[in-house]
Amino acid sequence: MVDNKRRHPRLKHRAKIRVTVPVSTETQILDMRDFSETGLYLFCPVELIPPMGAVVEVQTTEFDDAPVQMARVVRIDPNGGFAVEFGAS
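Residues numbered from 1 in each chain as written. Predicted model: local features only at pLDDT ≥ 70, side-chain atom pairs only at ≥ 80, totals over all residues. Heavy atoms only, no water.

**Brief notes about the side chain of threonine 20**
Part 1 of the reasoning: Relative to the helices and strands, threonine 20 resides in strand E1 (residues 11-21).
Part 2 of the reasoning: For threonine 20, a relative accessible area of 14% corresponds to the buried category.
Part 3 of the reasoning: In this structure the side chain of threonine 20 is engaged in a polar contact, spanning 3.0 Å, whose partner is the side chain of threonine 27.
Part 4 of the reasoning: With residues up to four places along the chain from it excluded, the contact list for threonine 20 reads Thr25, Glu26, Thr27, Val56 and Glu57. (Helix = DSSP H or I, 4+ residues; strand = E, 2+ residues; numbered from the N terminus. Buried < 20%, exposed > 50% of the residue type's maximum accessible area, 1.4 Å probe, protein only. Polar contact = N/O pair within 3.5 Å; in protein donor to acceptor, adjacent residues only side chain to side chain. Contact = heavy atoms within 4.5 Å.)

As C-alpha cells, this is what we get:
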C-alpha cells in the first residue's frame, strides 16, 4: 500500500523551467516532469541539484513574461531530480 500524503493532484506536463538559485545567481534550464497547485518536480543532473531547503526561483519558458515563483527544495531524488514547493520567502 502506498502512503500518499499529497494535498493536491499531480498533473503530468513536460516543460522547460528556468531555475535560479538567488544566493549564487546560478541559472539552469531544466525539464519539468509534473506539477500541482503547490509545487513541481524537475529532472536535474545529481551534481547540480540544489541542497534540501534551498530557496530557488522558477519560471516557465513556455511564454514570454511568465511570472517568477519563489520555491523551496522539499525533496531530492538521488536518481536525478528534485521537488520544490511554491511560496518560499
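**Describing the environment of valine 74**
Part 1 of the reasoning: Within the secondary structure, valine 74 is located in strand E5 (residues 69-77).
Part 2 of the reasoning: A residue is classified by how much of its surface remains accessible, and valine 74, at 37% relative accessible area, is partly exposed.
Part 3 of the reasoning: On a C-alpha basis, the gap between valine 74 and phenylalanine 86 in space is 10.0 Å, while along the polypeptide they are twelve residues apart.
Part 4 of the reasoning: Contacts of valine 74, omitting those with residues within four sequence positions, involve Met52, Ala83, Val84 and Glu85.

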